[in-house]
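Each chain is listed here by its residues.
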Amino acid sequence: MRATITAIAHSVPPTVYDNHWFAERIDTTDEWIRTRTGIIERHFATEGGVTDILLPAAEAALKQRGITPLDVDCIIVATVTPDRIFPASAAILQHKLGATNAWGFDLAAACSGFLYSLITASKLVESGAVRNVLLCSGDKMSAILDFDDRATSVLFGDGGGCVLIEPSADDNLGIMDFILRMDGAGEVHLHQKAGGSLRPPSLETVTNREHYVYQEGQAVFKAAVKGMADVSYEIMERNHLTADDVAWLIPHQANLRIIDATAERMGLSKEKVMVNIDRYGNTTAGTIPICLSELYQQRKIKKGDYLVLSSFGAGYTWGSILLRWSMEDAPMEEVS
Ligand code: UT7
């Protein structure tokens, strides 16, 4: 049995913050942010937690598939900004959805959260352990951004997407192959200093501004360029695909220069690379499902298309997935 995506939707909070908003507050410019990252604007939630961001996408995905929350067997929430450290945001989302027959859990793989949980979900489905998994992947990065730090605050946004994973009706369509990697040596370059069991919250951690994203940009940049390009090329090569065979590269949206380097390594032209970093920034676990959902809504992916999804992020975690799209075109009422 092969698992596949049978429904997809995304959601972002309504409020948009453009680069000028930052330039008015901290020592940065629209020009620096655009040219170094590709970001023009991003969405930040003004209230609620990550489950509030994901809930509309979860409801839309179930509606699209024509099933109710009671039909969901398992919920995975991929995030590094859970509503609370415990209970799992999967439980909170289950309650908000009314998916009372579902069990579930959270998965923390940062920017690779969608890829890690897509493979976890697909293996649960392929083993027959569950009939379906509602996979919700996204982050409320504004909750852990230091808005006084120009090196990190301008990079991220809030948002996420949800997919339903079920057995594929056709063995030649669905999740075909994956490469997932991890290197914990990357922890020093990208982490949140306090708030966990190693360094619990205290007056000192708050005063020292330790509850925010800490990133050594250049070190992560170098590792990301190599990591993402390597696995994206490798998955193509070991499945005997050429650039002509691949319809879309759907990369994690951290930096346009990392995306370009990955596409170049794969020999893909720009028209085959999904980019929306300009509108959303880096939504961590949200980037890839938002990209996929937008492509679906725009009817730009066709049944049978080969898609390469790839990511790199904190951990380090990185990877690529080869997907053969199995859904029919979005109905006209869902086209945006
Ligand atoms: O998704 C998780 C994984 N994360 C990533 O993949 C991110 C990887 N890293 C990056 O995308 C890039 O390293 C950044 C976008 C974070 C930074 O770009 P960079 O080209 O590597 O810049 P830099 O850190 O080398 O900084 C260059 C200069 C510095 O000034 P000096 O020392 O040359 O005077 C920074 O202080 O740019 C300065 N700078 C800024 N200037 C204006 C850093 N941030 C800003 C800013 N506005 N927001």
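Everything discussed here concerns the structure shown above.
Quick notes on the rules
- Residues numbered from 1 in each chain as written.
- Predicted model: local features only at pLDDT ≥ 70, side-chain atom pairs only at ≥ 80, totals over all residues.
- Heavy atoms only, no water.
- Phe/Tyr/Trp six-rings, centres within 6.5 Å; stacked < 30°, edge-to-face > 60°.
- Helix = DSSP H or I, 4+ residues; strand = E, 2+ residues; numbered from the N terminus.
- Buried < 20%, exposed > 50% of the residue type's maximum accessible area, 1.4 Å probe, protein only.
- Pairing = 2+ DSSP bridges.
- Axes fitted to C-alpha atoms, helices over the stretch in contact; angles between N-to-C directions.
- Contact = heavy atoms within 4.5 Å.
- Near = heavy atom within 4 Å.
- Polar contact = N/O pair within 3.5 Å; in protein donor to acceptor, adjacent residues only side chain to side chain.
- Areas by Shrake-Rupley, 256 points an atom, 1.4 Å probe, with all protein chains shown as cover.
- Nonpolar A, V, L, I, M, F, W, Y, C, P; charged D, E, K, R; others polar.
- Domains from an automatic or database assignment.
- Salt bridge = Lys/Arg side-chain N within 4 Å of Asp/Glu carboxyl O.
- 1 Å grid on protein atoms, 1.4 Å probe; cavity = no way out; pocket = protein on both sides within 12 Å on 5 of 7 lines; lining within 4 Å.
- Points joined across faces, edges and corners; volume = space filled by probe spheres on them.

## A few points about the packing of aromatic side chains
A full pass over the atoms with the stated rule returns 11 aromatic pairs. On the numbers, 6.1 Å between centres and 90° between planes, the contact of tryptophan 21 with phenylalanine 147 is edge-to-face. Taken together, the residues span a long stretch of sequence, with tryptophan 21 in helix H1 (residues 19–23) and phenylalanine 147 in the loop between strand S6 (133–140) and helix H6 (150–153) at a distance of 126 residues. Taking the relative accessible area as the measure of exposure, phenylalanine 147 reaches 29% and is therefore partly exposed. With a centroid separation of 5.9 Å and 35° between ring planes, the pair formed by tryptophan 103 and phenylalanine 105 is classed as tilted. Among the residues examined, tryptophan 103 registers a relative accessible area of 44% and is labelled partly exposed. Overall, phenylalanine 105 belongs to the partly exposed group, its relative accessible area being 24%. Clustering of aromatic rings is evident, with ring pairs tying together Tyr17, Trp21, Phe22, Phe44 and Phe147.

## Here we look at the sheet that holds strand S13 (residues 317–324)
Spatial ordering of the open sheet is given by S8-S13-S12-S11, a layout of 4 strands whose pairing is mixed. The outermost strands of the open sheet, each flanked by one partner alone, are strand S8 (174–182) and strand S11 (246–251). Along the sheet, successive strands turn relative to each other by an average axial angle of 10°, direction set aside. As paired strands, strand S12 (residues 306–313) and S13 are joined by 8 bridges and run antiparallel to one another. Across the sheet, serine 310 pairs through a bridge with serine 320, a residue of S13. Its contacts with the sheet place helix H5 (residues 113–126) against S8, S12 and S13, and it is angled at close to 130° to S8. Helix H9 (residues 256–266) contacts S11 and S12 of the sheet and is inclined by roughly 150° relative to S11.

## Quick notes on the sheet that holds strand S7 (residues 158–167)
Neighbouring strands of a sheet are bound in pairs by backbone hydrogen bonds; such pairs are parallel or else antiparallel. Strands sit in the order S1-S7-S6-S4-S5 across an open sheet of 5 strands; the sheet is mixed. Two strands lie at the open edges of the sheet, namely strand S1 (3–11) and strand S5 (103–107), each paired on one side alone. Direction aside, the axes of adjacent strands within the sheet are offset by 20° on average. Looking at chain direction, strand S4 (residues 74–78) and S6 are connected through 5 bridges and run parallel. Paired with alanine 78 across the strands is serine 137, a residue of S6. Of the strands in this sheet, S1, S6 and S7 are in contact with helix H11 (residues 287–297), which crosses S1 at around 95°.

## Examining the site of the ligand
Looking at the ligand, there are 23 residues lining it, with Thr28, Arg36, Gln218, Asn255 and Asn282 nearest. Here a nitrogen atom of the ligand and a backbone polar atom of arginine 150 are 2.9 Å apart. With respect to the ligand, the side chain of arginine 257 contributes an N or O atom lying 3.1 Å from an oxygen atom. Across the complex, the protein chains shield 74% of the 950 Å² of accessible surface that the ligand would expose by itself. Mapped by element, the contributors of at least two residues to the shell around the ligand are helix H2 (30–37), H6, helix H8 (217–238) and H9. The biggest single contributor to the shell around the ligand is H8, with 4 residues. Looking at side-chain class alone, the shell around the ligand contains 11 nonpolar, 8 polar and 4 charged residues. When residues of the shell around the ligand are assigned to domains, at least three map to each of domain 1 (2–168) and domain 2 (174–334).

## So, unusual backbone geometry
Look at the link from phenylalanine 86 to proline 87: it is a cis peptide, with omega at 0°. In this structure, proline 87 sits in the loop between S4 and helix H4 (89–97). A cis amide bond links glycine 315 to the next residue, tyrosine 316, at an omega of 5°. As for its placement among the helices and strands, tyrosine 316 is situated in the loop between S12 and S13. In the Ramachandran plot, histidine 240 falls in the positive-phi region, its phi being about 55° despite a non-glycine side chain. Tracing the chain through its elements places histidine 240 in the loop between H8 and S11.

## Things to note about the pattern of salt bridges
A complete count under the given rule lists 20 salt bridges for this structure. Overlapping salt bridges bring together Asp52, Asp83 and Lys96 as one network.

## Details of the layout of surface pockets
What the second largest pocket holds in volume is close to 250 Å³. Looking at the lining of the second largest pocket, the elements with two or more residues in it are S1 and helix H3 (50–65). Sorting elements by how many residues they give to the lining of the second largest pocket places S1 first, with 3 residues. Partitioned by chemical class, the residues of the lining of the second largest pocket number 6 nonpolar, 5 polar and 5 charged.

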